[in-house]
Amino acid sequence: ISGGVSNLSFGFRGVNIIRESIHAVFLHHACLDSGMDMGIVNAKEMLGIEDLDEDLLDMSEDAVFNRTGEATEALTERSEYEQEVKVAKKEGRPLPRKPRRFKKKPRMVFDWERNFVEAPQTEAPLPTSKVARDHIPNAYSYTSLSHSGVVKAREKKPSLDVSQWSDLKCEWAQPKGLYPEGFPYFVRGRDSVREYLTKLFQTRITMYDGAMGTMIQKHKLEEEDFRGERFKDYHMLIKGNNDLLSITKPDIIGGIYEKYLVEGGSQLIGTNTFSSTTIAQADYDMQSLIYELNYDSARLAREVCDKVTAQDPTKPRFVVGAIGPTNRTASISPDVNDPTARNCTFDELVEAYYEQCVGLVDGGADILIVETIFDTLNAKAAVFAVNEYLEHANVDIPLIISGTLVDQSGRTLSGQTGEAFYASIRHAKPICVGLNCALGASAMAPFLKRLADCAECFVHVYSNAGLPNAMGGYDDTPQDMARENLMFAENGWVNMIGGCCGSTPPHIAAIQEAIKDCKPRPLPTRKAPRMWLSGLEDFVVESAHNNVGLPFVNVGERCNIAGSRKFKRLVMEGKFAEAMDIAKDQVENGAHIVDVNVDDGMLDGMNAMQKFIKMAVTEPDVSKVPFMIDSSKFEIVEAGLKWCQGKPIVNSISLKVGEEKFKEHALCLRKHGAAVVVMAFDEQGQAASREDKVRICKRSYDILVSEPIYYPPEDIVFDPNILTIGTGIEEHNNYGVDFIAAVREIKQVCPWAKISGGVSN
């Protein structure tokens, strides 16, 4: 056997040391292991395998044996270095720094991880409330709700003099014997919507509705149609406020609902409330109508759904309360000259979305959907509001979340990938997650697949009828849309399909006919818990290795006033743009997470934290990684969280403030979806000994993972206090030993939790 050996390394021509290293590895194994006899070589330059330094040997073996996907990149980097060395020697300059390459070391595996058994999921991950975990049916009885948030929202109820209804009832339970028990029948108040959807989504691909706006446009309504009698003298133009038609043209909206249910075959229909928030309705000065807009739209849908269900009780129809993104964005500045400017706040969004929830549920909605998410921070505010409402009402209403990727980059308008978007909102425990709007079905395919590959719950899609034409219309016929959506069904990516802009009942009917024999996407296998963070991109902590090969997450410390004098000076001088360069450098140099701490007695920490985070999220080179929002003052932590669209880590909370306050802080952070660093402090002070580190961390863990907090154990990070050694004080000498021993013990007794620390201490 012979061969032209130099062919092997032709991609590295001009860098002989790289070429001959590859040849050395190749010939050593080809000759000694397989019996190669001869070949065409440059005999003068040949190296033996023993001549290679350890790095080159590893890189060459990786390439020859195709051991890693990074082999070519590593050799290319080393080639560039070797060429720079040649030039430096020729010019008499100092030699460049040699690139370092380290083998990835395996993570330590504990018994609880080793013994974990993957198992099939029978339902989507459940919210933490008792009513959701126990599948307690919603009683559909809301009249007696007395929480102050509900009472405040209901202050905008219309009088019966102006309402289209003879009553404003909030009771929607049906007689328990109305229909037979068991799937496929459903009776409100008797059966769990969550259980029913779980069965439905695993039985067949379920049909959602299509575009409301497209159907409204077919009626060619004019200004007077939008006004009706009630608003005939309104002080501004209101044509285009489609949500108002639920009040002024209920026959049209009810008729559209019915067309989707009967002609389209939809089993779930979204309410005409895409813009029914105080924020969106401010464009028409109609904030006072928010309760009525949501209530009326939901009640119209409720009555039509009940009418159609009565015709075929084996196919019950469900009202999905639609919560749109608003016309504001919390992550993007409206001012090109000021990246920290915003036209809404997290708290304003939460208040608006909460008020919308009250009207939708009072009007009879079965399910809630947060849809067309182009900014994940808006969505996080929406799910925060939804979950606050559900907690106050003590009911289980399933939540669906639908993101919008704006172009072929596969990212939201605020810059997140689909995986990062999911990681940012998965704490809300949606029963179903998916994509809608912006793109036609064919353009959505790669991004839907990626979402289907990572989502732990059910998955949906409702695409546009192609891309808009020059006139702003949509050209895909029902047959076009059916053909392209069939691909989603045949690949097993979806449990629910509908249509967005440009779609009509015939489009929905055609899709249903095309996919009728396709099986729904099975729920994924239940995997081991993992800490899944996100910036603009997602980051799984358990999969991380640092730049020296350790299974260790580098948290960059230089955006910490206590960790960098330069950063402190820039922040104190208000030079946040220059401070941002420090964050960029950290990411470029291998930080997986950027820590942000602005605690200083001479600084307004609340303002500084918010300003830095608002600026950082607009810098892709910084915000592609998750943040660690770091402060000893909880109000500063909370303020930072409210400007962070990804899933960050909060640093830190502890039992130092007492158990009740500790629980309060933890509950707040869980609602925001953040991971949390827990310091080894308690009411008596800081843990220094191994025993105290373990005791305090175990006590904290037991509180966090238990009722009522239910913190995900994989999102808990303990900091057992790295203390200074080498001080000359004898009692300090064992601090390093105690920390290392405590780490092992804490991880043994606190399954899935992580350990962190300030190493430079």
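Up top is the structure these notes are about.
Keep in mind that what you see is a predicted model, and the values were worked out from it rather than measured. (Residues numbered from 1 in each chain as written. Predicted model: local features only at pLDDT ≥ 70, side-chain atom pairs only at ≥ 80, totals over all residues. Heavy atoms only, no water.)

Q: Requested: an account of unusual backbone geometry, with residues and values cited.
A: Here Asn651 and Ser652 are connected by a cis peptide whose omega angle stands at 15°. Secondary-structure assignment places Ser652 in strand E16 (residues 649-653). Residue Pro708 is reached from Glu707 by a cis peptide bond, and omega for that bond is 10°. The phi dihedral of Thr372 falls on the positive side, at around 55°, and the residue is not glycine. Turning to its location among the elements, Thr372 is positioned in strand E5 (residues 367-373). With a phi close to 75°, Trp752 is a non-glycine residue in the positive phi region. Position of Trp752 relative to the elements: it lies in the loop between helix H27 (735-749) and strand E21 (754-755). A relative accessible area of 13% means that Trp752 is categorised as buried. (Helix = DSSP H or I, 4+ residues; strand = E, 2+ residues; numbered from the N terminus. Buried < 20%, exposed > 50% of the residue type's maximum accessible area, 1.4 Å probe, protein only.)

Q: Can you tell me about the sheet that holds strand E17 (residues 675-679), naming the residues and giving the values?
A: In spatial order, the strands read E13-E14-E15-E16-E17-E20-E21; together these seven strands make up an open sheet with parallel pairing. Every interior strand has two partners, whereas the edge strands, strand E13 (555-556) and E21, have only one. The pairing of E13 with strand E14 (residues 593-597) spans two bridges and is classified as parallel. Of the residues in E14, the one forming a bridge with Val555 is Ile593. (Pairing = 2+ DSSP bridges.)

Q: Which residues make up the pairing of E14, and what are the values?
A: Along E14, five of the five residues are buried, which leaves the element largely enclosed by surrounding structure. Neither face of E14 is exposed, since Ile593, Asp595 and Asn597 on one face and Val594 and Val596 on the opposite face are all buried.

Q: Tell me about the side chain of Asp630, and please be specific about residues and values.
A: Within the fold, Asp630 resides in strand E15 (residues 627-630). One buried charged side chain, Asp630, makes no salt bridge at all; its nearest oppositely charged neighbour is Lys656, positioned 11 Å away. Polar side-chain contacts of Asp630 include one of 3.1 Å to the side chain of Asn597. Sequence-distant contacts of Asp630, that is, excluding residues within four places in its chain, are made with Asn560, Asp595, Val596, Asn597, Val598, Met609 and Asn651. (Lys, Arg positive; Asp, Glu negative; His and termini not counted. Salt bridge = Lys/Arg side-chain N within 4 Å of Asp/Glu carboxyl O. Polar contact = N/O pair within 3.5 Å; in protein donor to acceptor, adjacent residues only side chain to side chain. Contact = heavy atoms within 4.5 Å.)

Q: Lay out the side chain of Arg154 with the relevant residues and their values.
A: Examined against the element boundaries, Arg154 turns out to sit in helix H6 (residues 148-154). Overall, the relative accessible area of 13% leaves Arg154 in the buried class. Every residue in contact with Arg154, bar those within four places of it in the chain, is listed here: Tyr142, Thr143, Leu145, Cys170, Tyr291, Val358 and Asp362.

Q: Please set out helix H22 (residues 605-616) residue by residue, giving values where relevant.
A: In a regular helix each residue adds 1.5 Å, so 12 residues correspond to 16 Å; H22 covers 16 Å between its end C-alpha atoms and thus fits that length. Within H22 the residues assigned to the buried category are Gly605, Ala608, Met609, Phe612, Ile613, Lys614, Met615 and Ala616. Looking at the buried positions of H22, the neighbouring elements they touch are helix H20 (565-572), helix H21 (576-588), E14, helix H23 (620-623), E15 and helix H24 (634-641). (Expected span 1.5 Å × (residues − 1).)

Q: Which residues make up the pairing of strand E20 (residues 716-719), and what values do they have?
A: Side chains Ile716 and Phe718 project from E20 onto one buried face, and the interleaved Val717 and Asp719 project onto a second face that is buried too. Pairing analysis gives four bridges linking E17 to E20, with the strands arranged parallel. Looking across to E20, one finds that Val677 is bridged to Val717. Relative to E21, E20 runs parallel, the two sharing two bridges. By the bridge assignment for E21, Phe718 is matched with Ile755.

Q: Help me get a handle on the pattern of salt bridges, residues and values and all.
A: Applying the stated rule across the entire model yields 56 salt bridges. Of the charged contacts, one joins Arg230 and Glu292 as a salt bridge, the two residues approaching to 2.6 Å between their closest N and O atoms. Taken as a pair, Arg230 in the loop between helix H9 (223-227) and helix H10 (245-248) and Glu292 in helix H13 (residues 290-311) lie far apart in primary sequence, 62 residues in all. Residue classification places Glu292 among the buried residues on the basis of a relative accessible area of 2%. Two residues, Arg699 and Glu683, come together in a salt bridge whose shortest N-O distance is 2.9 Å. Note that Arg699 is positioned in helix H26 (residues 690-705) and Glu683 in the loop between strand E18 (681-682) and strand E19 (685-686), a separation of 16 residues in sequence. Using a relative accessible area of 26% as the deciding quantity, one classes Arg699 as partly exposed.

Q: Any chance you could break down helix H16 (residues 418-425) for me, citing the residues and the numbers?
A: Along H16, eight of the eight residues are buried, which leaves the element largely enclosed by surrounding structure. Buried within H16 we find Gly418, Glu419, Ala420, Phe421, Tyr422, Ala423, Ser424 and Ile425.

Q: A description of the packing of aromatic side chains should follow, citing residues and the corresponding values.
A: Taken as a whole and assessed by the stated rule, the structure comprises 17 aromatic pairs. Aromatic pair Tyr208 and Tyr462: ring centres 5.2 Å apart, planes at 65°, arrangement edge-to-face. On the criterion of sequence distance, the pair formed by Tyr208 in the loop between strand E2 (206-207) and helix H8 (212-217) and Tyr462 in strand E8 (residues 458-464) is long-range, its members being 254 residues apart. Exposure remark for Tyr462: the relative accessible area of 3% places this residue in the buried category. Its end group placed over the ring of Tyr140, Arg188 keeps NZ or CZ at 5.8 Å from the ring centre. (Phe/Tyr/Trp six-rings, centres within 6.5 Å; stacked < 30°, edge-to-face > 60°. Lys NZ or Arg CZ within 6 Å of the ring centre and 35° of its normal.)

Q: Hey, could you go over the sheet that holds strand E7 (residues 432-440) for me, with residue numbers and the actual values?
A: Spatially, eight strands are ordered E2-E9-E8-E7-E6-E5-E4-E3 in an open sheet, and the strand pairing comes out parallel. Two strands in the sheet have a free side with no partner beyond their single neighbour: E2 and strand E3 (268-270). Pairing of E3 with strand E4 (residues 318-323) involves three bridges; the strand directions are parallel. Looking at E4, one finds that Ile269 is bridged to Val319.

Q: Residues and numbers for the packing of H20 against H21, please.
A: Interaxial distance between H20 and H21 falls to 8 Å at its minimum, and their mutual angle equals 155°. Taken together, the axis directions place H20 and H21 in an arrangement best described as roughly antiparallel. Once H20 is placed against H21, the crossing between them reads as left-handed. Of the residues in H21, those in contact with Lys566, Phe567, Leu570 and Val571 of H20 are Phe576, Glu578, Ala579 and Ile582. Counted by class, the contact of H20 with H21 contains six nonpolar, no polar and two charged residues. (Axes fitted to C-alpha atoms, helices over the stretch in contact; angles between N-to-C directions. Parallel < 35°, antiparallel > 145°, perpendicular 65-115°, else oblique. Left-handed = near helix turned anticlockwise from the far one by under 90°. Nonpolar A, V, L, I, M, F, W, Y, C, P; charged D, E, K, R; others polar.)

Q: Which residues make up the environment of Lys519, and what values do they have?
A: Within the fold, Lys519 resides in the loop between helix H19 (505-515) and strand E10 (525-526). Residues Lys519 and Val540 lie 21 residues apart in sequence; the distance between their C-alpha atoms is 31 Å. When neighbours within four sequence positions are excluded, Lys519 is seen to be in contact with Ile205 and Ala489.

Q: Break down the nonpolar core for me, citing the residues and quoting the values.
A: Counting residues in each nonpolar core, the largest one holds 195 residues, and the members touching the most others are Tyr142, Tyr389 and Phe612. By residue number, the principal contributor to this core is helix H15 (residues 376-393), which donates 11 residues. Once residues within four sequence positions are removed from consideration, Phe612 is found in contact with Cys559, Phe567, Phe576, Ala579, Met580, Ala583 and Val596. (Core = buried A, V, L, I, M, F, W, Y, C linked by side-chain atoms within 4.5 Å.)

Q: Give a detailed account of the packing of H13 against helix H14 (residues 346-362), specifying residues and quantitative values.
A: In a packed pair of helices, the relevant descriptors are the angle between the two axes and the axis-to-axis distance. For the pair H13 and H14, interaxial distance at closest approach is 7 Å and the crossing angle is 35°. Relative to H14, the crossing made by H13 is right-handed. Where H13 approaches H14, its residues Ile290, Tyr291, Asn294, Tyr295 and Ala298 are matched on the opposing element by Glu355, Gln356, Val358, Gly359, Leu360 and Asp362. Residues belonging to the contact of H13 with H14 are distributed by class as follows: six nonpolar, three polar and two charged.

Scope: geometric values only; no functional claims are made or implied.
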